[in-house]
Amino acid sequence: MTLPIVHHPDYCADLPVNHRFPMDKFRAVAERIVAEGLLSGGKFVRPRPAPAEWVALAHDRRYVDQVFGARVPAEIAREIGFPMNEEIARRARCATGGTVLTGYLALEHGLACNTAGGSHHARRAHGAGFCVFNDVAVAIRVMQADGAIEKALVVDLDVHQGDGTADIFTGDDSVFTFSMHSEKNYPVRKVPSDLDIALPDHTGDEAYLECLLGVLPTVIERARADIVFFNAGVDPFLGDRLGRLGLSRDGLIRRDRYVLETLRAAGLPVAGVLGGGYSTDIDELADRHVTLHREAMRLCDARRPVQFAEAVICRPT
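Residues numbered from 1 in each chain as written. Predicted model: local features only at pLDDT ≥ 70, side-chain atom pairs only at ≥ 80, totals over all residues. Heavy atoms only, no water.

(A) Layout of the sheet that holds strand β6 (residues 227-231). Ordered in space as β1-β2-β7-β6-β3-β4-β5, the seven strands form an open sheet in which the pairing is parallel. Two strands bound the open sheet, and with one partner strand each, they are β1 (5-6) and β5 (195-199). One ladder, built from four bridges, connects β6 with strand β7 (residues 270-273); its direction is parallel. Note on β7: the bridge partner recorded for F230 is G272. In the packing of helix α6 (residues 135-146) onto the sheet, the strands contacted are β3 (152-156), β4 (175-182), β6 and β7, and the crossing angle to β6 comes to about 170 degrees. Packing of helix α8 (residues 205-223) onto the sheet brings it into contact with β3, β4 and β5, and relative to β4 it is tilted by some 170 degrees. (Pairing = 2+ DSSP bridges. Helix = DSSP H or I, 4+ residues; strand = E, 2+ residues; numbered from the N terminus. Contact = heavy atoms within 4.5 Å. Axes fitted to C-alpha atoms, helices over the stretch in contact; angles between N-to-C directions.)

Structure below.
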């Protein structure tokens, strides 16, 4: 089983010195994936920047045009937290196109991962919280419009509640949104998902994993989805600048392993996106993020058939 990994050099954009968002992590994630030999065929799959028509399937067209034209009102730019220039707009388009491509590759291969994505605070009307476009929502809408899928499940394990995703899909029975997050973290005003689990500060590995193991099979049954988008944010980590849940590195590994194994055992295609992670130590942060790609590759290796004299094709189950 092949693991396609999607990346674009423009996932990185220049930010002012000492900006709070660790933009360089996207470059560092890609470098670490290459260094660890995680690429199937030795290269990334490169996406096209998402066109306005795609993005407008999930966002208000007026806001989409503002971003594409670098004319975002100052008050919205402040809520997003980025200087809303042409470079940031291209970065958002590339990351969104990357998640769309990751979704299609997941349908083809059973499992695929992006090196960006998970911008779950971007709502229908506009972006927020370092999120310009909601790439997962756009991907789902593009795939639905194309007839590739009917129903989708979003498993969001970022430390922050997926308010933007919930906002976009409120009242839509074709998309099941599940968010397990820190109760007292951003955003202050949370938009209800189909299922929210709000955890207390310092939850720790065992309580966190016990909760996840207890709920994920039910979520899968309720969603009855054709594809799953997994937001593997690493900000629940004990040492994360914005995290509060107290997970260890081992806890993050066990979390991602359980989610990927459980979803694939249920026969579901899985598109993994990076999600949140915040640290001034970019190398440490990138290493944390690549947990998703390592665990995805480990699962693919476990499903790879024994090679005989002729090639054997391993079909996703």
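(B) Layout of the environment of T262. For T262, the position within the fold is in helix α9 (residues 249-265). Judged by relative accessible area, which is 18%, T262 ranks as buried. Taking the C-alpha atoms as reference points, T262 and I76, separated by 186 residues in sequence, lie 39 Å from one another. Setting aside its immediate chain neighbours within four residues, T262 contacts L216 and I220. Polar side-chain contacts of T262 include one of 2.7 Å to the backbone oxygen of Y258. (Buried < 20%, exposed > 50% of the residue type's maximum accessible area, 1.4 Å probe, protein only. Polar contact = N/O pair within 3.5 Å; in protein donor to acceptor, adjacent residues only side chain to side chain.)

(C) Quick look at the environment of A225. Examined against the element boundaries, A225 turns out to sit in the loop between α8 and β6. Note on A225: relative accessible area 15%, which makes it buried. C-alpha of A225 to C-alpha of P269: the two residues are 44 residues apart in sequence and 9.4 Å apart in space. Setting aside residues up to four positions removed in sequence, A225 forms contacts with K151, A152, L153 and L268.

(D) Highlighting the packing of aromatic side chains. This model, assessed by the stated rule, comprises eight aromatic pairs. Between the aromatic rings of F21 and F82, the centroid separation amounts to 5.2 Å while the plane-to-plane angle is 80 degrees, which identifies the pairing as edge-to-face. Of the two residues, F21 is situated in the loop between β1 and α1 (25-35) and F82 in the loop between α4 (74-80) and α5 (86-109); the sequence distance between them amounts to 61 residues. In this structure, F21 and F82 share a single accessibility class: buried. Taking 6.1 Å as the distance between ring centres and 40 degrees as the angle between the ring planes, the aromatic pair formed by F68 and F133 counts as tilted. In this pair, F68 is assigned in helix α3 (residues 61-68) and F133 in the loop between β2 (111-114) and α6, connecting sequence segments 65 residues apart. (Phe/Tyr/Trp six-rings, centres within 6.5 Å; stacked < 30°, edge-to-face > 60°.)

(E) The packing of α1 against helix α10 (residues 282-289), seen in detail. Between α1 and α10, the least distance of the axes is 8 Å, while the angle of their chain directions is 60 degrees. What the angle tells us is that α1 and α10 run oblique. For the element pair α1 and α10, the recorded crossing hand is right-handed. On α10, the residues touching K25, A28, V29 and R32 of α1 are I282, D283, L285, A286, D287 and H289. Looking at the contact of α1 with α10 residue by residue, the classes come out as five nonpolar, one polar and four charged. (Parallel < 35°, antiparallel > 145°, perpendicular 65-115°, else oblique. Left-handed = near helix turned anticlockwise from the far one by under 90°. Nonpolar A, V, L, I, M, F, W, Y, C, P; charged D, E, K, R; others polar.)

(F) Local environment of unusual backbone geometry. With omega at 0 degrees, the peptide bond leading from Y186 into P187 counts as cis. On the secondary structure map, P187 appears in the loop between β4 and β5. Not every positive phi belongs to a glycine, and A70 is a case in point at roughly 55 degrees. Position of A70 among the secondary structure elements: in the loop between α3 and α4. Classification of A70 as partly exposed rests on a relative accessible area of 31%. Unusually for a residue other than glycine, R224 sits at a positive phi of about 45 degrees.

(G) Region of the structure containing the pairing of β2. Residues L111 and C113 line one face of β2 and the alternating positions A112 and N114 line the opposite face, and both faces are buried. Of the pairings in the sheet, the one linking β1 to β2 comprises two bridges and is parallel in character. Of the residues in β2, the one forming a bridge with V6 is N114. Bridging between β2 and β7 involves three bridges; their strand directions are parallel. Along β7, the bridge assignment pairs L111 with V270.

(H) Here's a closer look at the pattern of salt bridges. In the structure shown here, the tally under the stated rule is 21 salt bridges. With a closest N to O distance of 3.6 Å, D163 and R123 form a salt bridge. Of this pair, D163 sits in helix α7 (residues 163-169) while R123 sits in the loop between β2 and α6, placing them 40 residues apart in sequence. In this structure, the salt-bridge partner of R294 is D287, at a minimum N-O distance of 2.4 Å. Because the salt bridges share partners, they merge into one network encompassing R32, E36, R249, D287 and R294. (Salt bridge = Lys/Arg side-chain N within 4 Å of Asp/Glu carboxyl O.)

These results come straight from atomic positions and should not be treated as a statement about function.
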